[in-house]
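# Chains, contacts and geometry: an overview
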Amino acid sequence: MTRLQSDAPRGGVRIVGLVLTVVVGVPFVFFVWIALSSRFATGSGDPHGYGLIFGTFLALVAGILLAMVVPLMFPTARRGNAYLGSLIGYVIVAAGLVVSLLTA
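A brief report on the enclosed structure follows. Chains are numbered independently. Their residues run from 1 in the order of the written sequence. Where local features are concerned, this predicted model is filtered to residues with pLDDT of at least 70; where side-chain atom pairs are given and counted, the filter is 80 or more; whole-chain, interface and lining totals use all residues. Only hydrogens and water are set aside when side-chain values are computed; all heavy atoms of the structure are taken into account.

### Points about the environment of Ala 62
- Numbered from the N terminus, helices here are DSSP runs of H or I no shorter than four residues, and strands are runs of E no shorter than two. When you line up the elements, Ala 62 lands in helix H2 (residues 50–69).
- When the C-alpha atoms of Ala 62 and Val 29 are compared, they prove to be 9.0 Å apart, with 33 residues separating the residues in sequence.
- The contact rule is simple, with two residues in contact once any of their heavy atoms fall within 4.5 Å. Contact partners of Ala 62, with chain neighbours within four places excluded, come to Val 24, Phe 28 and Phe 31.

Okay, here's the thing in structure tokens:
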């Protein structure tokens, strides 16, 4: 009986991690889409660049939150590697967003 009780919290953390990943990931993808569509749009849908500026800023904030909650979906033994991969992915995406902002 103690075996079932010790497995329950780990499964709960993984479910909460999955829910938080979806809750934070959807706005992150939306903000990245706003920033990149503003940067690479051919029309004049964003003449002043506010979509690029605020989209980049909000994507960076949502991205760091996402990088912290994605590893919660993984088992405890793999969570350290998941944090490393998540942060490396965040740095790559953040660098791309900042480069697209500064080269606009």
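### Some remarks on the packing of aromatic side chains
- Side-chain rings of Phe, Tyr and Trp (the six-membered ring for Trp) are treated as a pair once their centres are within 6.5 Å; stacked means planes under 30 degrees apart, edge-to-face means over 60, and tilted covers the remaining angles. Per the stated rule, a full pass over the model turns up three aromatic pairs.
- Relative to Phe 31, the ring of Phe 30 has its centre 6.0 Å away and its plane inclined at 55°; by these criteria the two rings are tilted.
- Site record: aromatic cluster; members linked through ring pairs are Phe 30, Phe 31 and Trp 33.

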